[in-house]
Amino acid sequence: MIHIKYYLMGSILKWHAAHPIHRELDILVFRRVILMVTTQKRTDLLFLPTTIEEMNALGWQKLDVILVSGDSYIDSPYSGVAVIGKVLQKAGFRVGIIAQPDVNSSVDISRLGEPALFWGVTGGTVDSMVANYTATLRKRRSDDFTPGGVNNRRPDRAVLVYTNLIKRTFKNTKPIVLGGIEASLRRITHYDYWTNKLRASILFDSKADYLLYGMADLSIVELARAFKEKKSPLEIRGLCTLAKTPPENYLILPSFEDVTSDKEAFIRMYHLFYQNNDPHTAKGLAQQKGDRWLVQNPPANILTRAQMDKVYSLGYEHDQHPYYEKQGSVKALETIRFSIPTHRGCYGECSFCAIAVHEGRTVSSRSEQSILAEVEEMTRHPKFKGIITDLSGPTANMYGFECVKKLNKGVCQDKRCVFPEICPILKIDHSYQIELLKKIRQIPGVKKVFVGSGIRYDMVLADKQNGLPYLKEIVAHHTSGQLKVAPEHADPYVLKMMGKPPVRSLLEFKQQFETLTRQVGKDQYLTYYLIAAYPGSSDNEMKRLKEFVSTKLNLTPEQVQVFTPTPSTYASVMYYTEKDPFTGEAIFVEKNIQRKIIQKEIITEPITTKTRPVSQSNKRKMANDYAKYKRPEKRTP
C-alpha cells in the first residue's frame, strides 16, 4: 500500500512539472486519491469538484447536477449549497459547484460543462439584497462569504442574474432549479424593500423551471431521481412551479393583481401563506399572475432524527475550496469552521424573522451520538486548536425537545409556542443540552466549547427544573466573555409588534447571569441586540428604550440595527401596509431614511452627545404622521 502511495505521489509531481498552475488543485486531487486507495475512505468526505481537473480525477466525464452559488464554496454544514451537494452525492449523483461566477463572461459558468439532469441556483447563505445593502440602502463594502472580504462578487438579485447567465450561455439547457434563502423567501408575492413595491414570485422574474423552498434535503434527491427516471416532478413536496391552471383542491390565494392594488388583500394572502407552512396541516397553494399560476406544493416533511444524523455525517472539510482560497480567505470561516449545528427550526416566530417560513416552527434535533461523533472528527482536523466556536442552532437553547402535539398533529394555528406566554404544553427541558455539553468537554482534544448563538432567556426562566443549572453550565464553561441575548426593544407596544417577551424576563435573567458570573469569578457580560425604526417605533419609543438600557442595563449599546423588512415576514407586511396584520389597526412606520438613522443614534449615542439635527419640515411631518395612530396608554415594561 505504501508503494502505491509513493507511486501516486510521483505521478502527481510529474503533473506539477508540466502544469504548475494547477498545483493547489493537484494537492486536493492527491488527497482524494490517496484516501480512496490507502484507507478506502468515502470520497464524499472531501470537497465537491469545482474544476474540470477534479472531475477528471474522479473519472467523471459529465456531471449530473451543477450547483451555482452566490457564496464562495465553503465545505461546511453551515453552507446550504455544500449540504445539498453532499446529500445528492450520497444518493449517487455526480455533483459539482460553481461559486460566485463572473456574470460578465461565460468562462466561469461553462467550466464544468452542462449537467445531465439540472442546474441548481442559490443566492447564497444570505439574500443577495440583504448582503449587498444596509438597512439605509447604502452599498456594503465587505462580504464575509467572498474571498478577500470585498463585496465585489455577489450581484444584486443573484438568483435572477445566475439563471439568466446560464440561459444566455447554454441555449435550451437542462432545467434550472432555484433554492436557498433568497428563492425560498421570494417564492410568493412579497414586499421588496429595495424597490419599495410588491414583487411576484421569483419564478416569474427568473424564468427558472422549478423552485425548492425550505430545507430541501429530501426534496432535492426526489427531484433528481425524477429527472433521472424521466418522471414528472410535479407532486414533490416543497416544490414550486408555474402552470396554466391551478391543481384541484389547492388553496387559491388572492391574485398578484389583487394584492398589488389592495393592501388588505395582501394581508389576507400572507396569512394564508404563513398558515400553510407545516407539513402536517399545509394545503397546496396557487396564486394567479396574468394568465399563469404559481403553484406551491405542501412543504417537505421535517427530517427525522435519523435523517438529520445522516445529513451531518456526510463529512465536511470545514474549509474553503483551494480553488477559491487562492483568491483570498473568507471571514465567515472564522465563525463557522469549528462550529457545530445541533438542531433546525425555532419556536420563536419573531415577526421580523424568516426562520418560520424557511426552516419551520418545529425544532428537529440531531442525536447526541451524531454530535459527539462530529466533535471527535473535528479534533482530528489539522487546523483545529481545541476550540469549538459555537454549538447551537437558530436559538441555542432549543435543542433536544419539542411539543408532542406539534410533532403528531402540526403547529397550532390559533397560538404560538412562546408568545405572548410560553405554552404549557411545550415542556421546556434544558437537561439534554446540559448533558451534551458535559460530554463534549470530556472529549480528548477539546479545550473549550462556546455557545455563541443567542439564548432565549424567557425559556431559561420557564424551565423551573433545569433552567438555572443550564445557565450555570453556560456561565461557568461556555461563554467567551460575552453571552448574546436579543431583547430587540423595551417598549411594550413595539415588543408586541415583534412577538418578543416583556423586559421583566430580561431583567430577571440579567440578575441571574450576573450573580452566577460573580460566583465563578469571571469577567463576562451580556451583549444585547436591539432594533431601531421597527414598525410601531418612533423617536418616543426609542427614547424609552434609551432610558431603559441606560438605567436598567447600565450601558450604551453598540449592537443596534436599523430594521430591514426582509421578504415574507410579518414585519415586512407591517412595514408595507402600515397596519397590524392581526388587528387591522393602523401603526406608525418610519420610512424616511434620515429619521431611521436618528432613531438608531438616539440609542447608540452617549447621553451627553446630541444627535444630528432634524429639519423643521421633517419634524412637522413626523409629528403629523405619529399623531394619526392610537397608542396604548399603559407603558410599564
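For the structure given in this document, a descriptive report is provided here. Computed from a prediction, not measured in an experiment: that's the story for all the values here. Starting afresh in each chain, residues are numbered from 1 along the sequence in its written order. It should be noted that, the model being predicted, local features are given only for residues of pLDDT at least 70 and side-chain atom pairs only at 80 or more, the latter also being counted only at that level, while totals for whole chains, interfaces and linings use all residues. Computation of side-chain values covers all heavy atoms of the structure but excludes hydrogens and water.

Counting from the N terminus, the helices are DSSP H or I runs at least four residues long and the strands are E runs at least two residues long. Secondary structure assignment for the protein chain yields 27 helices and 22 strands. Partly exposed residues are those whose accessible area sits between 20% and 50% of the maximum for their type, while under 20% is buried and over 50% is exposed, using a 1.4 Å probe and protein chains only. For the protein chain, the residues scored as buried account for 57% of the 637 residues in total. Contacts are residue-level and defined by heavy atoms, with any inter-residue pair within 4.5 Å sufficient. The contacts of the protein chain with a sequence gap of at least 6 include a subset with a gap of at least 24, amounting to 77%.

Turning our eyes to something else, we now look at the pairing of strand 11 (residues 285-289). Each regular strand shows side chains that alternate between the opposite faces of the sheet. The pairing criterion is simple: DSSP has to find at least two bridges between the two strands. Of the pairings in the sheet, the one linking strand 10 (residues 251-252) to strand 11 comprises two bridges and is parallel in character. Paired with Ile252 across the bridge in strand 11 is Ala286. Where strand 11 lies against strand 12 (residues 292-296), five bridges are found, and the strand directions are antiparallel. Within strand 12, the position partnered with Ala286 by the bridge is Val295. Here strand 11 folds back onto strand 12 in antiparallel fashion, the turn holding two residues, of which Gly290 has a positive phi close to 65 degrees.

Turning next to the packing of aromatic side chains. Centres within 6.5 Å make a pair out of two Phe, Tyr or Trp rings, where for Trp the six-membered ring is used; the pair is then stacked when the planes are under 30 degrees apart, edge-to-face when over 60, and tilted otherwise. Overall, the coordinates contain 21 aromatic pairs when judged by the stated rule. On the basis of an interplanar angle of 75 degrees and a centroid distance of 5.7 Å, the ring pair of Tyr193 and Trp194 is categorised as edge-to-face. For Trp194, a relative accessible area of 15% corresponds to the buried category. Taken together, the aromatic side chains of Tyr191, Tyr193, Trp194, Phe266, Phe352, Tyr534, Phe563, Tyr575 and Tyr576 make up a single cluster linked through ring pairs.

To continue, consider unusual backbone geometry. Between Phe419 and the following residue, Pro420, the backbone shows a cis peptide bond with an omega angle of 0 degrees. Along the chain, Pro420 falls in the loop between helix 18 (404-409) and helix 19 (431-441). Unusually for a residue other than glycine, Gln100 sits at a positive phi of about 45 degrees. Positionally, Gln100 belongs in the loop between strand 3 (95-99) and helix 5 (107-110). The class of Gln100 is buried, set by a relative accessible area of 1%. Of note in the backbone geometry, Leu137 takes a positive phi value of approximately 65 degrees without being a glycine. Of note, Leu137 is situated in the loop between helix 6 (128-132) and helix 7 (158-169).

Right, let's talk about the nonpolar core for a bit. A general trend in soluble globular proteins is that nonpolar side chains are found buried together. Formed by 70 residues in total, the largest nonpolar core has its most connected members in Leu178 and Tyr534. Of all the elements, helix 12 (residues 263-275) adds the most residues to this core, at seven residues. Judged by nonpolar contacts, the second largest core, of 48 residues, contains Met378, Ile388, Val460 and Tyr528. Grouping buried Ala, Val, Leu, Ile, Met, Phe, Trp, Tyr and Cys residues that are joined through side-chain atoms within 4.5 Å yields what is termed a nonpolar core.

This part is about helix 24 (residues 539-551). Multiply 1.5 Å by the residue count of a helix minus one, and that product is the helix's expected span. For helix 24, which comprises 13 residues, the first-to-last C-alpha distance of 18 Å matches the rise-based estimate of 18 Å (1.5 Å per residue) to within 8%. All buried positions along helix 24 are accounted for by Asp539, Glu541, Met542, Leu545, Lys546, Phe548 and Val549. The N-cap residue of helix 24 is Ser538: its side-chain oxygen and the backbone nitrogen of Asn540 are 3.1 Å apart. The term polar contact refers here to a pair of N or O atoms within 3.5 Å; inside protein, the definition further demands a hydrogen-donor-capable atom paired with an acceptor-capable atom, and it admits residues adjacent in sequence only when both atoms are side-chain atoms.

What the nine strands build is an open sheet, ordered 3-1-4-5-8-9-12-11-10; its pairing is mixed. Two strands close off the open sheet at either side, each with one partner strand: strand 3 and strand 10. Of the pairings in the sheet, the one linking strand 4 (residues 118-122) to strand 5 (residues 176-179) comprises four bridges and is parallel in character. Across the sheet, residue Val121 finds its bridge partner in strand 5, namely Leu178. In this fold helix 10 (residues 217-228) packs onto strand 4, strand 5, strand 8 (210-212) and strand 9 (239-243), with an angle of close to 150 degrees to the strand it touches most, strand 8. Fitting a line to C-alpha atoms yields each axis, with helices limited to the stretch in contact; the angle taken between N-to-C directions then spans 0 to 180 degrees.

Take the pattern of salt bridges next. Salt-bridge detection follows one rule: a side-chain nitrogen of Lys or Arg within 4 Å of a carboxyl oxygen of Asp or Glu. Counted by the stated rule, this structure contains 30 salt bridges. For the salt bridge of Glu374 with Arg366, the shortest nitrogen-to-oxygen distance reads 2.7 Å. With relative accessibility at 0%, the residue Arg366 sits in the buried group. In this structure, Glu368 engages Lys439 in a salt bridge whose closest nitrogen and oxygen atoms are separated by 2.6 Å. Of this pair, Glu368 sits in helix 17 (residues 368-379) while Lys439 sits in helix 19, placing them 71 residues apart in sequence.

Here the focus is the side chain of Ser572. As for its position among the elements, Ser572 is in helix 25 (residues 570-577). Discounting residues that sit within four places of it in the chain, Ser572 has contacts with Tyr191, Pro565, Thr566 and Pro567.

What follows deals with the environment of Gly467. Tracing the sequence through the fold places Gly467 in helix 21 (residues 467-477). For the pair Gly467 and Ile428, spaced 39 residues apart in the sequence, the C-alpha separation amounts to 8.7 Å. Residue contacts for Gly467: discarding those within four places in its chain leaves His430 and Val460.

On to the packing of helix 17 against helix 19. One can describe the packing of helix 17 onto helix 19 by two numbers: an axis separation of 10 Å at closest approach and a directional angle of 25 degrees. When the axis of helix 17 is compared with that of helix 19, the two are roughly parallel. Crossing handedness for the pair helix 17 and helix 19: right-handed. Contact with helix 17, carried on its side by Glu368, Ile371, Leu372 and Val375, involves Glu435, Leu436, Lys439 and Ile440 of helix 19 and no other residues of that element. When its residues are assigned to classes, the contact of helix 17 with helix 19 shows five nonpolar, no polar and three charged. Oblique is the label for any angle not covered by the other classes, which are roughly parallel (under 35 degrees), roughly antiparallel (over 145) and roughly perpendicular (65 to 115). Definitions for this section: a left-handed crossing has its near helix turned counterclockwise from the far helix by less than a right angle. A right-handed crossing has that turn clockwise. Gly counts as polar in this scheme, as do all residues outside two lists: the nonpolar Ala, Val, Leu, Ile, Met, Phe, Trp, Tyr, Cys and Pro, and the charged Asp, Glu, Lys and Arg.

To summarise the sheet geometry, strands pair through backbone hydrogen bonds and adopt either a parallel or an antiparallel arrangement. The strand order across the open sheet formed by three strands is 20-21-22, and the pairing between neighbours is parallel. Single-partner strands in this sheet number two, and they are strand 20 (482-488) and strand 22 (560-562). Between one strand axis and the next, the sheet turns through 20 degrees on average, direction left out of account. The pairing of strand 20 with strand 21 (residues 525-532) spans five bridges and is classified as parallel. Counterpart to Gln482 in the pairing with strand 21 is Tyr525.

With that out of the way, let us pick up the environment of Asp127. The topology assignment puts Asp127 in the loop between strand 4 and helix 6. A residue is classified by how much of its surface remains accessible, and Asp127, at 7% relative accessible area, is buried. The spatial distance from the C-alpha of Asp127 to the C-alpha of Thr566 is 8.7 Å, given a sequence separation of 439 residues.

Another point: the environment of Arg237. If you trace the backbone, Arg237 turns up in the loop between helix 10 and strand 9. Residues Arg237 and Asn301 lie 64 residues apart in sequence; the distance between their C-alpha atoms is 7.7 Å. The residues contacting Arg237, other than those within four sequence positions of it, are Ser219, Pro279, Asn297, Pro298, Pro299, Ala300 and Asn301. Separated by 2.9 Å, the side chain of Arg237 and the backbone oxygen of Pro279 make a polar contact.

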